[in-house]
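Here is how the chains run, residue by residue.
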Amino acid sequence: MGMQKLSTRPSKTKQKISTRDAAEGRVSCYNKKMLFGADKEKTKNVSLGVILDIGSGSVGVAIVASSPAEKFPSILWSYREYLPISKDDTDTRNRISTTLLNVFLELDGKGLKILRDKYPHHPPSIIQASLNAPFAYTISRNVLTESAKSMRVNSKLISALENKATEGAHEQVATALAKKTMNLATLSEVITSVKVDGYSVRLPYDGEGSRVSLHQLIGLTSTNLIEEIELIRDKVLPKAQIDFDSFMSLYSRALLDIVSFKNDVGLISVTAKATEMMAVSEGDPFISTFLTKGHHSLAGSISEVSGLDMSESLGIMRDNDIDHAKLLNKDKLEAIQSVISSYEDEMTSFIRSLGDALVIPKNIYLQIDKNYEKFFADSFSRSISKATGLKHTVYPFTSKFFDFDTEADSRILCPAYIFHKKLYSDGLAEDRYLL
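Here we summarise the structure given alongside this text. All values reported here derive from a predicted model rather than from experimental measurement.

**Observations regarding the sheet that holds strand β8 (residues 207-222)**
Okay, so step 1: Strand order in the open sheet formed by four strands is β5-β8-β6-β7, and the pairing between neighbours is antiparallel. The sheet terminates laterally at β5 (136-153) and β7 (199-200), the two strands that pair on one side only.
Okay, so step 2: Sheet analysis places strand β6 (residues 184-196) next to β7, joined by two bridges and oriented antiparallel. Following the sheet pairing, lysine 195 is matched in β7 by serine 200.
Okay, so step 3: Here helix α4 (residues 223-236) sits on the sheet in contact with β6 and β8, set at roughly 60 degrees to β8.

**A closer look at the environment of isoleucine 351**
Okay, so step 1: Topologically, isoleucine 351 is positioned in helix α9 (residues 330-353).
Okay, so step 2: The exposure class of isoleucine 351 is buried, given its relative accessible area of 3%.
Okay, so step 3: As for isoleucine 351 and serine 383, which are separated by 32 residues in sequence, their C-alpha atoms are 8.1 Å apart.

**Examining unusual backbone geometry**
Okay, so step 1: Here the bond from alanine 133 into proline 134 is cis, since omega is 5 degrees, no more than 30 degrees from zero.
Okay, so step 2: Inspection of the secondary structure assignment puts proline 134 in the loop between β4 (126-131) and β5.
Okay, so step 3: Leucine 203 connects to proline 204 through a cis peptide bond whose omega is 0 degrees.
Okay, so step 4: Examined against the element boundaries, proline 204 turns out to sit in the loop between β7 and β8.
Okay, so step 5: We note that glutamate 282 has phi near 55 degrees; this positive angle belongs to a residue other than glycine.

**Points about empty space enclosed by the protein**
Okay, so step 1: Scanning all chains against the criterion turns up two cavities of 30 Å³ or more.
Okay, so step 2: Empty space within the largest cavity amounts to approximately 100 Å³.
Okay, so step 3: Along its surface, the largest cavity is lined by 13 residues, and Gly266, Met277, Met278, Ile360 and Pro361 are the ones closest to its centre.
Okay, so step 4: Of all elements in the fold, only β10 (265-270) and β11 (275-281) reach the threshold of two or more residues within the lining of the largest cavity.
Okay, so step 5: Along the lines of polarity and charge, the residues of the lining of the largest cavity split into 12 nonpolar, one polar and no charged.

Each value, and the rule that gives it
- Residues numbered from 1 in each chain as written.
- Predicted model: local features only at pLDDT ≥ 70, side-chain atom pairs only at ≥ 80, totals over all residues.
- Heavy atoms only, no water.
- Pairing = 2+ DSSP bridges.
- Helix = DSSP H or I, 4+ residues; strand = E, 2+ residues; numbered from the N terminus.
- Contact = heavy atoms within 4.5 Å.
- Axes fitted to C-alpha atoms, helices over the stretch in contact; angles between N-to-C directions.
- Buried < 20%, exposed > 50% of the residue type's maximum accessible area, 1.4 Å probe, protein only.
- 1 Å grid on protein atoms, 1.4 Å probe; cavity = no way out; pocket = protein on both sides within 12 Å on 5 of 7 lines; lining within 4 Å.
- Points joined across faces, edges and corners; volume = space filled by probe spheres on them.
- Nonpolar A, V, L, I, M, F, W, Y, C, P; charged D, E, K, R; others polar.

Put into structure tokens, the structure is as follows:
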């Protein structure tokens, strides 16, 4: 791709923030050159933000300070709360609502006090909210238009293809939800490639071709969840703008920024009750899916067959020096191993359902709470290799790239890096994808 990328691409009319935010003057951060006005000399070059990570079984929050001179951001304070345990998954919405409220109360009471002590009169202006499955759907769409004669490839055609991709993503999720009624909101829309007659081009592009394809990564969620977060925001940080996105979209941007996508790569993210997977080939995410099993799901199954409580069952998977073979009898150990094997078999079947073995990249990055990296990296290596018959290497993402001195919640580190590098902007993400 030898063409130079220009900065004159028409701005998008779609916003990732709600109409309510727009009406109240909280404009999107796309075109802001400086997100945070510095009212004191010592904070002139420091950006302050709140990271909100909504997982399948927990909600994490952190206050982050970012200085352009530093390689990593500073995490001033972080907190995570798990959803109340319930055997009935139908009340997940109520449990996430309760947890969100509690997390914002902690932010208001403890977090902002720490922030004011260090940066007085300098409140954060942005809340970067990332939503994990099943609260967010990350959809990869490829749309194509072709004609017997050459056609003008301009901003109008590109916009039409973008709209077609977004409409297809909404239809895909609506079909998957079947009988569930959910109004969908668009979290993000990132163009990852544009090809004219088979050749990659950069935007803006004003040429001709008979075959034009556009690949887009789209994040969707429930409008009700967006509105609920905004209502809680109004009580704690009423002047802060919220930038919403799916975690997998942000995760792929972080990985692109760190290692680039010159080779095919896989991404896995495991939360309490969900596992998300993405495969990227030549820069384009072409698989993005999830299943409702996570590390707490596995711990629950271990608890059922062993009699261990949830904390002890989670301890089976933690990277620690405990030798469970010496603490548990033979029957319990065999029952636990049987559960783990069944879990891996389920993962193998899921991988096979995605299609041909060649679609699963050999190098895969795993995002999970740092305490569980080794267990799940080994587990996924076995499951995926069994599904494809090939050797796959699973790298622990957090400890490989964010192993700096911090006691913060390790799942916060990736979103904090996104904030630090300002990768949450769709426009900037497209710049990186379309290099």
